[in-house]
Amino acid sequence: MSPSTPNPKVRASLLLLGFFFAMNLSAQSVSVSGQITDAKSGNALPFVNVLLNTAGDTSFIKGTITNEEGRFTLKDLSPGDYILGINFIGYAPANKALFVGHLSSFLDIGTIALEENTELLNEVTISARKEEVGGALDKKSFSMADNLGQEGGSVLQSLQRLPGVTLQDGKVLLRGNDQVMILIDGQQTAITGFGSQDGLDNIPASAIEQIEIINNPNSKYDANGNAGIINIIYKKNTQTGLNGKVGFSGGLGALWLRKENLPSIRPQYVRTPKVNPTLSLNYKKNKVNLFFQGDYLYTETLNKNEFVDRNYTDGTVIRQQSKRNRNTAFTTLKPGVDWNLNQQNTLTISGLFGSEKIIDRGDQPFFNADLSERLRLWQFLEDEVKTTVVASLDFLHKYKQPGHELHLAYNYTFHREDEQYFFDNILPTFSGEDAFKLLSDEHVSDFMLDYIKPMKFGRLESGVKLRRRTIPTNMQFFPGINSPLDTNAGGWAEYQELIPALYGNYVYERPKFEAEIGLRLEYVDLQYKVNPDHNTYQSDGYAYAQPFPNARVSFKLNANNKISLFYNRRVDRPNEVDIRIFPKYDDAEIIKVGNPALRPQFTNKFEIGYKTSWNSGYFYSALFHWFADGTITRISTTVPGSNLIYAIFQNVNGSRSTGTEILFSQKITNWYSFDLNLSAYQNTIDQFTVENLYPVPHTFTADKQTITSGNVKMNNVFQFANGLRGQVTAIYLAPDVIPQGTIAARFSMDLGIKKSLQNGRSELFLNASDLFNTLRIQKEIQGSNFSYTSTNYYETQVIRLGYNVKF
């Protein structure tokens, strides 16, 4: 099916609508270090006066003296131009121009040799000029405290309000691309980062400090995730003594029915409750800092309510509904301790425990075209428990030179997925009861070593990482009378992955020019072992060794204007769920199956970014282009003699995207400011022909698909008197291309209000997501001998009330 291009009115709407969350690009604090020596003997000079003054008006900033080894450190400097003055009795004074940038937290200016002289050093002064252009234009940070419209909700709900982020079929997309790597505190975990991203919908936003979007990661990060990286940072306090925060929020969703059920099924959830208590504790004394974050999230949700019309070339029409009422209870506990062994060495031991209990009660009626005959009723109960345990050990050694660090870390993750499905397969002539059980245990071990060496004009980073990951799975089928289950497709399988990696990254910075170049070398050995009795698939796997370079060049036009050029080569390896061989029966007639023959897709990405700032706001824009070979996507097909649709992952031909992202922030008055985000891109999937092996070999051919799409997000922030704040967020998502079809436009609006109480020690908030209940997902899919349209009226409208207090 050929997708249509948005008409001029839609394009005009893209330019006028929207907004995005406030971007937290605060100025970076920098430490500058060096060593003073005698020019003749080379011996270190202790107790030398070191003064820092501004370069412009010679205003004094700060001073220090060297230690017994002649070393000195000046901390908490803002980016700018300075003069460093060195004064010591018996030596000639020395002045040194110093530029402090924003790319490195630590700078080492090396050795300064003083010549003997009996003259006293005259006082030297220096002035700092703040760099208003934020960072290297490669990362954006968003504080959850500023997200009034989603406070009390989940991380997934918060993500879709951020610039360039959209959701599709449970996956997070960044600039229209679903190949996103999601981290928690800089590391992948089984909750979010290794496969399915559904776990994000059960992480309370109340546990999160901020979210980072990294569109152009350097070589320090793993090479997978061509769309970029989203890093979710948990709250952690380091204040002295005992302090913390306790909060509680509750809410209701699905306030009314948006579309009535098809006949003869159980009612939809309405007025669904949401409960989220949260506790944050911190105790710091002497060399020990203890921290704890605990959250519980209970929700009842109309998780899915999709109406589908399937049309086949033989004239058959099937109308169906997929309704899923979900109860979820999710507990997360994150304890840890920082132990400062001495001034140079710190040991951190931390853990993360997550327990998720899901009960789904689903109904799937299938009717003929005029709803006069029910062809089938498929009812199911899903009982699933997910358990995650993460143990982390971090050791940080600080050399005498500030910023010169060696970091060792070991992370172990265990994730169990214990899933049971019970089905009632009700047809006009008989009823059957079927069931299956899936048990999957995931073990991941990561060892990392990172080394950072500050230089005079930047820093050098290098490191190694070793990952070992195994996932044994077992699927057992329990068929009933005339069962539709493919019992021969069960059994066991085991995913094995070994990835050693080595990286180096160099950052160079001068007053008008910046450069960053890096290279990551990764070797991947992946094996997927399959039950030899499986009726379709056999054991498979692959291995490769590949370089992944990155480069960035930036030009500072002046203090408020900067332009950056980026290049990245990245890879997307199939997730274990993408190659999992077991058919999934949460839909009785659209069956999802993995493919162990999947191979990685490699992507090259280019981007140019520009940012200008002024006293009351900023403007940022980026142009990007990426192209991928062997694109991973799910293909829906039928086989002769059956109307069942099989959705199977495949490597198709190339795909590419060209687009732009614009961020505009402006403070209008003391009480009103707004942020506007526009993302627009053209996505293309080339023509392809693939062969699906399940349940029998069959081929499918699709024509080239191209569509221009994008989204607009606008965030309006109101600062009223007496600590009262308000926020109104509007989101418009334009039509987009998906494999074999299109997804229609979507629109929603959120509202949030927060009142500060007790001199800022507590706060009361009220918010509503999808205020007007307008968000729904509409798709059109074209197959070889069928087509279908669907509209999902799942729960999007939620109203929450909450209270937090600090102590």
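About the thresholds
Just so you know, the residues in each chain are numbered from 1, in the order the chain's sequence is written. Since the coordinates come from a predicted model, pLDDT governs what is reported: local features require at least 70, and pairs of side-chain atoms require 80 or more to be given and counted, while whole-chain, interface and lining totals use all residues. With hydrogens and water stripped out, all remaining heavy atoms of the structure feed into the side-chain values. Note on conventions: DSSP H or I runs of at least 4 residues are helices, E runs of at least 2 residues are strands, and numbering of each starts at the N terminus. The quantity called the radius of gyration is restricted to C-alpha atoms. Its globule counterpart is 2.2 Å times the number of residues to the power 0.38. Residue exposure (1.4 Å probe, protein chains only): buried if accessible area is under 20% of the type maximum, exposed if over 50%, otherwise partly exposed. Using the Shrake-Rupley algorithm and a 1.4 Å probe, accessible areas are obtained, with residue cover drawn only from the displayed protein chains. Positive: Lys, Arg. Negative: Asp, Glu. His and the chain ends are not part of the count. One atom stands in for each charge, and that atom is NZ of Lys, CZ of Arg, CG of Asp or CD of Glu. DSSP-based pairing: two strands are paired if at least 2 bridges between them are found. Simply put, an axis is a line fit to the C-alpha atoms, just over the touching stretch for a helix, and the angle between two N-to-C directions goes from 0 to 180 degrees. To count toward a patch, a residue needs a relative accessible area over 30% and no salt bridge; like charges are then connected within 9 Å, while nonpolar side chains (Val, Leu, Ile, Met, Phe, Trp, Tyr) are connected within 5 Å. Any Lys or Arg side-chain nitrogen found within 4 Å of a carboxyl oxygen on Asp or Glu counts as a salt bridge. Here the aromatic set is Phe, Tyr and Trp, taking the six-membered ring for Trp, and pairing holds for ring centres within 6.5 Å; pairs whose planes are under 30 degrees apart are stacked, those over 60 apart are edge-to-face, and all others are tilted. Only when the NZ of Lys or the CZ of Arg is both within 6 Å of the ring centre and within 35 degrees of the ring normal is a charge said to sit over the ring. Two N or O atoms form a polar contact when they lie within 3.5 Å of each other; inside protein one atom must be a possible hydrogen donor and the other a possible acceptor, and for residues adjacent in sequence the pair counts only when both atoms belong to side chains. Residue contacts are defined here by distance: any two heavy atoms, one from each residue, within 4.5 Å place the two residues in contact. To qualify as a nonpolar core, a set must consist of buried Ala, Val, Leu, Ile, Met, Phe, Trp, Tyr and Cys residues joined through side-chain atoms within 4.5 Å. Confidence scores labelled pLDDT are given residue by residue by the predictor and lie between 0 and 100.

Colleague: I would appreciate a short explanation of the overall build of the protein chain in the present structure.
Modeller: A tally of regular secondary structure across the protein chain gives 3 helices and 44 strands. Computed over the C-alpha atoms, the radius of gyration of the protein chain is 29 Å, within 12% of the 28 Å expected from 2.2 N^0.38 for a compact globule of 807 residues. Taking the principal axes of its C-alpha atoms as reference, the protein chain extends roughly 110 × 60 × 55 Å. The proportion of buried residues among the 807 residues of the protein chain is 55%. A total accessible area of about 32600 Å² is found for the protein chain, and carbon and sulfur atoms account for 56% of it. Charge separation in the protein chain, taken as the distance between the mean sites of 79 positive and 81 negative side-chain charges, equals 5 Å.

Colleague: Help me understand the sheet that holds strand 13 (residues 228-234) in this model?
Modeller: The strands making up a sheet associate through hydrogen bonds between their backbones, and the pairing can be parallel or antiparallel. Pairing is mixed in the open sheet, where 4 strands are placed in the order 8-12-13-11. Pairing within the sheet leaves two strands with one partner each, and these edge strands are strand 8 (139-143) and strand 11 (180-184). Strand-to-strand, the axes of this sheet are offset by a mean angle of 15°, without reference to chain direction.

Colleague: Help me understand a nonpolar patch on the surface, please; the structure alone is not making it clear to me.
Modeller: A cluster of nonpolar side chains, namely Ile349, Leu393, Tyr410, Phe447, Val464, Leu466, Leu498, Leu502, Leu519 and Leu521, defines an oily patch on the protein surface of about 800 Å² accessible area. Of all elements in the fold, only strand 22 (458-478), strand 23 (491-510) and strand 24 (513-530) reach the threshold of two or more residues within the nonpolar patch. Note on placement: Leu502 falls in strand 23.

Colleague: Where do I start with the sheet that holds strand 6 (residues 94-100) in this structure?
Modeller: Pairing is antiparallel across the open sheet formed by 4 strands, whose spatial order is 3-2-5-6. Every other strand in the sheet has two partners, leaving strand 3 (60-65) and strand 6 as the edge strands with one partner each. Averaged over all pairs of adjacent strands, the angle between their axes in this sheet comes to 25°, without regard to strand direction. Where strand 5 (residues 80-87) meets strand 6, 7 bridges bridge the pair, whose relative direction is antiparallel. Bridge assignment links Asp81 to a residue of strand 6, and that residue is Phe99.

Colleague: How do you make sense of the packing of aromatic side chains when you look at a structure like this?
Modeller: The relation between two aromatic rings is expressed through the spacing of the ring centres and the mutual angle of the planes. On inspection of all chains with the given rule, the structure shows 29 aromatic pairs. Following the ring pairs from residue to residue traces out a cluster consisting of Trp378, Phe380, Tyr421, Phe423, Phe436, Phe477 and Tyr585. One residue, Lys334, lies across the ring of Tyr234, its end atom 5.7 Å from the ring centre.

Colleague: Mind showing me how you'd approach the environment of Ser613 here?
Modeller: Relative to the elements of secondary structure, Ser613 occurs in strand 28 (residues 601-614). Owing to a relative accessible area of 7%, Ser613 belongs among the buried residues under this scheme. Through-space distance from the C-alpha of Ser613 to that of Tyr681 is 25 Å; in sequence the pair is 68 residues apart.

Colleague: What am I meant to see in the pattern of salt bridges here?
Modeller: Oppositely charged side chains may form a pair once their charged atoms are brought near each other. Using the criterion set out here, one finds 39 salt bridges in the structure. For the salt bridge of Lys323 with Asp363, the shortest nitrogen-to-oxygen distance reads 2.7 Å. Separated by 40 residues along the polypeptide, Lys323 in strand 17 (residues 317-340) and Asp363 in strand 18 (residues 345-367) bring together distant segments of the chain. Taken as a pair, Lys323 and Asp363 share a single burial class, namely buried. The partner of Lys584 in a salt bridge is Glu419, with the nearest N and O atoms 3.5 Å apart. Of this pair, Lys584 sits in the loop between helix 3 (576-579) and strand 27 (590-593) while Glu419 sits in strand 20 (residues 405-426), and the two are 165 residues apart along the sequence. Lys584 gets classed as partly exposed once you look at its relative accessible area, which sits at 29%.

Colleague: Can you help me understand the side chain of Asp360 in this one?
Modeller: Checked against the element boundaries, Asp360 lands in strand 18. Classification of Asp360 as buried rests on a relative accessible area of 0%. Among the polar contacts made by the side chain of Asp360, one reaches the side chain of Arg326 at a distance of 2.7 Å. Once you skip the residues sitting within four places of it in the chain, Asp360 turns out to touch Arg324, Asn325, Arg326, Phe380, Leu381 and Glu382.

Colleague: Is there a simple way to explain the pairing of strand 41 (residues 762-769) in this structure?
Modeller: Moving residue by residue along a regular strand, the side chains alternate between the two faces of the sheet. For strand 41, a buried count of 6 out of 8 residues is recorded, marking the element as mostly surrounded by other parts of the structure. Note that strand 40 (residues 746-757) and strand 41 share 7 bridges and pair antiparallel. The residue bridging Ile753 from the neighbouring strand is Leu766, located in strand 41. Where strand 40 folds back on strand 41, the antiparallel hairpin that results is connected by 4 residues, among which Gln758 adopts a positive phi of roughly 50°. Strand direction decides the pairing type here: strand 41 and strand 44 (residues 798-806), joined by 8 bridges, are antiparallel. Directly across from Ala768, in strand 44, lies its bridge partner Ile799.

Colleague: Honestly, the nonpolar core in this entry has me stumped. Any pointers?
Modeller: Soluble globular proteins tend to bury their nonpolar side chains together. If you look at the biggest cluster of nonpolar residues, it comprises 50 residues, and the most contacted ones within it are Tyr585 and Tyr694. Beyond its immediate chain neighbours, meaning those up to four positions away, Tyr694 contacts Asp486, Ala489, Asn535, Thr536, Tyr537, Pro583, Tyr585, Val593, Tyr646 and Ile648. Core analysis: the second largest hydrophobic core is formed by 25 residues, Val155, Leu156, Val165 and Ile208 among them.

Colleague: What is the right way to read the side chain of Thr729 from this model?
Modeller: Take Thr729: it is sitting in strand 37 (residues 724-733). At a separation of 3.1 Å, a polar atom in the side chain of Thr729 contacts the side chain of Asn715.

Colleague: What should I look at first to understand unusual backbone geometry in this one?
Modeller: When glycine is set aside, most residues are seen to have a negative phi, and most peptide bonds are trans. Following Tyr694, the chain continues to Pro695 via a peptide bond in cis, the omega torsion being -5°. Structurally, Pro695 can be placed in the loop between strand 34 (688-692) and strand 35 (698-702). For Asn286, which is not glycine, the phi torsion reads 55° and is therefore positive.

Colleague: I tried to follow the confidence of the model for the protein chain on my own but got confused; where do I start?
Modeller: When pLDDT drops low, the exact placement of atoms in the prediction is not to be read closely. Averaged over every residue, the pLDDT of the protein chain is 86; the share at 70 or more is 92%. This stretch, residues 118-134, has a pLDDT under 50; its non-local contacts, to residues over four places away or in other chains, come to 71 contacts.

Colleague: Quick question: what am I supposed to make of the environment of Ala551 here?
Modeller: Mapped onto the secondary structure, Ala551 falls in strand 25 (residues 540-558). As for Ala551 and Arg569, which are separated by 18 residues in sequence, their C-alpha atoms are 9.6 Å apart. Contacts of Ala551, omitting those with residues within four sequence positions, involve Glu516, Ile517, Leu565, Phe566 and Tyr567.

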